[in-house]
Amino acid sequence: MGTEPLERKLAAILYADVAGYSRLTGEDEEGTHRALSAHLDAITASIEKHNGTVLHYAGDAVLADFATVSGALICAAAVQQDLEVRNKDIPEKRKVQFRIGVNLGEVIVDRGEIYGEGVNVAARLESLAEPGGICVSGTVYDAIGNKLPLDYEFMGEQSVKNIEKPVRAYHARIKPGVALPTPTATPKTKWSSRHLAVGAVVIVSLVVVTSVITWLTPWSKERIALPLPDKPSIAVLPFENMTGDPEQEYLSDGMTDDLITDLSKVSGLFVIARHSVFTYKGVAVKVQQVGKELGVRYVLEGSVRRAGGRVRINAQLIDASTGRHLWAERYDRDYQDIFAVQDEVIAQVVSAIAVKLTDAEQTRIARLPTDNLEAYDSYLRAEQGLYLSDTAGFRDTLSFYEKAIALDPEFADAYAGLARAAVEIWRLDYNDLLASAVARKRAYETAARALVLDPDNARAYSVLAVLQVVDGHHDAAIESAQKAVSASPSDADGYLNLGLVLAYSGRPTEARAAVESALRLNPKPAPGALFLAGVGFFADGQYERAVEAIEQARDARPTDETAGGYLASAYAHLGRTDEARAEVETIFETLPMANLAYFRARDAYYKRAEDLATFIDGLRKAGLPEWPFGFRGNEEDRLDASALRTVTLGHTWMGRHANGVQFMQQISQTGVIAYRSRASFLTGTADVRGDMLCQQFEGYMLDRRLCGYVYRNPKGTREDHDEYVSVMPDALKYFSVVQ
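None of these values were measured; they are calculated from a predicted model.

Re the overall build of the chain
Counting secondary structure elements, the chain contains 26 helices and 22 strands. When its C-alpha atoms are laid out on the principal axes, the chain stretches across 100 × 60 × 50 Å. A buried classification covers 54% of the 739 residues belonging to the chain. Excluding contacts between residues fewer than 6 apart, the proportion of contacts in the chain whose partners are at least 24 apart in sequence is 63%. When the accessible surface of the chain is totalled, it reaches about 33000 Å², and 51% of it is carbon and sulfur. Across the chain, the mean location of the 80 positive side-chain charges is 2 Å away from that of the 100 negative side-chain charges.

Comments concerning the packing of aromatic side chains
To describe a pair of aromatic rings, you give the distance between the ring centres and the angle between the ring planes. Going through the model one piece at a time under the given rule, you end up with 23 aromatic pairs. Among the aromatic residues, those joined into a cluster by ring pairs are Phe531, Phe538, Tyr543, Tyr566, Tyr598, Phe599 and Phe615. Of note, Arg306 hangs over the ring of Tyr335, and the distance from its end group to the ring centre comes to 3.8 Å. For the cation-ring pair, Arg638 lies above Tyr709, with the distance from its terminal atom to the ring centre recorded as 4.2 Å.

Section: the sheet that holds strand E20 (residues 706–712)
Each strand in a sheet pairs with another by means of backbone hydrogen bonds, the pair being arranged parallel or else antiparallel. A barrel is described by the order of its strands in space; here 8 strands give the closed sequence E15-E16-E17-E18-E19-E20-E21-E22, paired in antiparallel fashion. If you compare each strand with its neighbour and ignore which way they point, the axes differ by 30° on average. Bridge analysis of strand E17 (residues 672–677) against strand E18 (residues 681–689) gives 5 bridges, and the strand direction is antiparallel. What sits directly across from Val672, in E18, is Thr685.

A look at helix H15 (residues 436–453)
One turn of an α-helix holds 3.6 residues; hence residues three or four places apart share an orientation. Across its 18 residues, H15 extends 26 Å between first and last C-alpha, which sits within 8% of the 26 Å expected from 1.5 Å per residue. Residues of H15 that are buried include every one of Ser436, Ala439, Ala443, Thr446, Ala447, Ala450, Leu451 and Leu453, and no others. Buried positions in H15, seen along its axis, are confined to an arc of 155° and lie on one side of it. In H15, the exposed residues that point more than 90 degrees away from the buried face are Lys441 and Val452. In this structure, the buried residues of H15 make contact with helix H14 (412–427) and helix H16 (458–470).

Concerning the side chain of Ser46
The topology assignment puts Ser46 in helix H2 (residues 29–49). Setting aside residues up to four positions removed in sequence, Ser46 forms contacts with Cys75, Ala78 and Val79.

Here we look at helix H23 (residues 577–590)
Over its 14 residues, H23 runs 21 Å from end to end, which matches the ideal 20 Å to within 8%, given 1.5 Å per residue. Along H23, the residues classified as buried are Ala580, Glu583, Val584 and Ile587. Down the axis, H23 shows its buried residues gathered within 105° of arc, on one side only. For H23, the exposed residues lying more than 90 degrees away from the buried face are Asp578 and Glu589.

A closer look at the packing of H2 against helix H3 (residues 69–86)
Where H2 meets H3, the closest approach of the two axes is 10 Å, and the angle between their N-to-C directions is 145°. Read as a crossing pair, H2 and H3 show a hand that is right-handed. Touching Ala38, His39, Ala42, Ile43, Ser46 and Ile47 of H2 are Cys75, Ala78, Val79, Asp82, Leu83 and Arg86, all from H3.

Brief notes about the nonpolar core
Ranked by internal contacts, the top residues of the largest apolar core, which has 150 residues, are Ile234, Leu300, Val345 and Tyr566. With 11 residues, H14 is the largest single contributor of residues to this core. Every residue in contact with Leu300, bar those within four places of it in the chain, is listed here: Ile234, Ala235, Val236, Leu237, Leu259, Ala315, Gln316, Leu317, Trp327, Val345 and Val349. Core analysis: the second largest hydrophobic core is formed by 39 residues, Val18, Leu24, Val69 and Val79 among them.

Quick notes on the rules
- Residues numbered from 1 in each chain as written.
- Predicted model: local features only at pLDDT ≥ 70, side-chain atom pairs only at ≥ 80, totals over all residues.
- Heavy atoms only, no water.
- Helix = DSSP H or I, 4+ residues; strand = E, 2+ residues; numbered from the N terminus.
- Buried < 20%, exposed > 50% of the residue type's maximum accessible area, 1.4 Å probe, protein only.
- Contact = heavy atoms within 4.5 Å.
- Areas by Shrake-Rupley, 256 points an atom, 1.4 Å probe, with all protein chains shown as cover.
- Lys, Arg positive; Asp, Glu negative; His and termini not counted.
- Charge placed at Lys NZ, Arg CZ, Asp CG, Glu CD.
- Phe/Tyr/Trp six-rings, centres within 6.5 Å; stacked < 30°, edge-to-face > 60°.
- Lys NZ or Arg CZ within 6 Å of the ring centre and 35° of its normal.
- Pairing = 2+ DSSP bridges.
- Axes fitted to C-alpha atoms, helices over the stretch in contact; angles between N-to-C directions.
- Expected span 1.5 Å × (residues − 1).
- Arc of directions from axis to C-beta.
- Left-handed = near helix turned anticlockwise from the far one by under 90°.
- Core = buried A, V, L, I, M, F, W, Y, C linked by side-chain atoms within 4.5 Å.

Set out below in C-alpha cells:
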C-alpha cells in the first residue's frame, strides 16, 4: 500500500433522487421503471449540456460533478423545469419527481469517483428538498449570491444524518417568467456519460463492488461498509399508518415491533434492531440504501389500515441487493385475526428466504400473546410510550400496561413490559412516578411473573439480569442475560445487557464481544445503548472505542454525569489530560458536589475490586476530588470511632449543607435514621464502622450504603450550627448536635 496523500479538490456536486420511489414501484413497477429510465436520460443530457459529469447511478439516484457552482445550480433548475413539463399530464400520484441537492465542498478523488463529506452533504440536502424541488447548502448560496434568476428560502441550520455540524440549507426556486441562462455547448460524444457509467459499473462489478458514497456506521466516526452476516439478514421497516390519524400510529408501530420480536426468535435469521429501523420512519428511502446502511440482504415493508373491526395489512419482502420483490400479500381481515396475520407474514418471510425453524422456535412464534384484543390494544399503546423515555411517556406506559394486565392477568408480555418500564423509572430516578424502592420491587415482581407465564420471555430475563448485577449477584445475572440471548438470538438489547453484565462481572473480553454483536444488530443505536457499549469497551481496556461511543452518548445527554464520568476516565487513561479535565468541569456544571467517593459508591457494581479501581483511577487523573467540593479535613480534627458514637447514635443534628440548604437528622440508639430538609424526607439505617459513619436510605442512590467521616470544625459555633462537618459521598454538611 502506498502512503501518497489522496487527491482532493473543491467540487460543485449535484445529487438527485426519486421521491417516493418505493411507493411508485409498489403500485406499478414496470411503468415506474419506464418513466424513470426516460427521466434519467433527460437528466444525463442536461448534466452534459451544462458541462457536468455523471459519476454514478444508484438505482433511481444520480451523482454529478461540475466545474462551477453556477453550472450545477443552473442544471438543477433546468432539470426540474424540464421534468415539470414531462409530468404535466400525468396524475399526481403517478408522477416520477426528483429531489435535488446541490453542495459546494471538498471531495476525495479516486479512480474517477469522488468521496467524502462534500458528497454526503449533497445527498442529505436532497432528502430535505421538496418533490420537484432543489435544496442547496450555505456554501452554494454564498458563492452564487444574486447571480442567477432564482429565489431562495432559508431553511435554517439543519442537523443531517452522519454530518457532525449542522448545515445551512436553502430552498432554491426559479423566478416566475425569467429564463434560465443558456450554457456553453460542448462537443457531443458517441456514447452518453450515462451509458459509459453503466458499462463501467458492469465491468467493475465483476472485480469488486464499490459505492460512490462510503457508508457510515452511525455510531462510529470511521466510514466503513457493513458486510452481510453469515446468515440470512433482514430489516423490518416501520409499517406505514394508512389511516391518516396520528392516534392510530401505535398500531402500525406495534405491528412492526411484533414482527421484529418474532423474527428475532429465529436462530437462523439476523434481524436489525428496532431503533435502527425506526430512523427511517416517515422517510422516503430506497431498499437498496437500507440494505447498504444496515448491512442486510432483505427488507420487509408494509402498511396498516384499521377501520372499525376490520384491519388491512399490506406486506412485501424485497431483496435489497437487487430491488426485486420476493413476496407481497394483502390481508383484509377482522381485527381479531391480527395475530394470525402476523404468523402468516412470518411464515412467508421464513419460507421466501429458506430459513428452517427449530421446534422450539415454532412454538415460541406460534404462542398467542393474549386472546383479549382490548388488552393487546392497551399493550401496544404502552409500548409506544415506553420508547419515548420521558416522564410523560412512562406515566402513560404504566397506566396502559396495568390496564392490559387487568384485562388479561395471564398476559406475559405485558408483565415483562411493565418490568422494563419499572426498572427504567428506578434507574432514572423518576420518583414522581414511583418511589425508587417501589419501582425496583415492581420490576422484580413483574419480571418474575412474566417468566412464570412464559419461561422463554427474553425481555423479562434482561430486566432480571440488570437487577441481579446491581444487587451483586453476578453469576445469576450472567445466567439470566444468557437466557435472554438464547430466547431471542437477534435481540440487540439482549446482547447489550449481556455485555454490561459481563463487564461488571470481570469478564471483559466476552463483554466486548457481546457489545460488538449488539452494535451490529443495531447499527444506529440510541444514546443510552451507545453509553452501555462504551462501558463494555472501557472494561476491556479499549479506551479509544469507549471514547468514540460515549462521546456521542454524552452529546445527546449532556447532563448525564455517569456517562461523563466514564468519558473523563477514558480520556485520562489515554493521556488526553486536557479533555479529561474539561469533561470533569462539565460534570461539575450538572453535579457540583461530584467526587471520587460518589462515583465509587454509584458504580460499585463491579465484581472485581481492580476493575472499579481502574475506573476511579482515571477519574483521579482527570482531577476529580476525593470528597464533595474538594473538602480536605485535618487528620487531628477527624472523630475516631468512640467520639463518633457520642454524636451519632441517639442524637439529633441540625445544620446546613454546603449549598446552604438547612436540614435536621435524627439517629436512634438502634441506628434508625430520619433525615429532613425542605425538599426531602428520607428514612433508613446508620451505623459506625471503624472511624466512618455509614448510612443507607431506602430508595436513595440505588439503596447504596454510603460511608464518610465526621470532623470537628475549629471555627464553628453552636449558634451557627456548624461545630462539626460531615463529609459523605453525596453531601457535605455542617451541623451541631442539638440533643
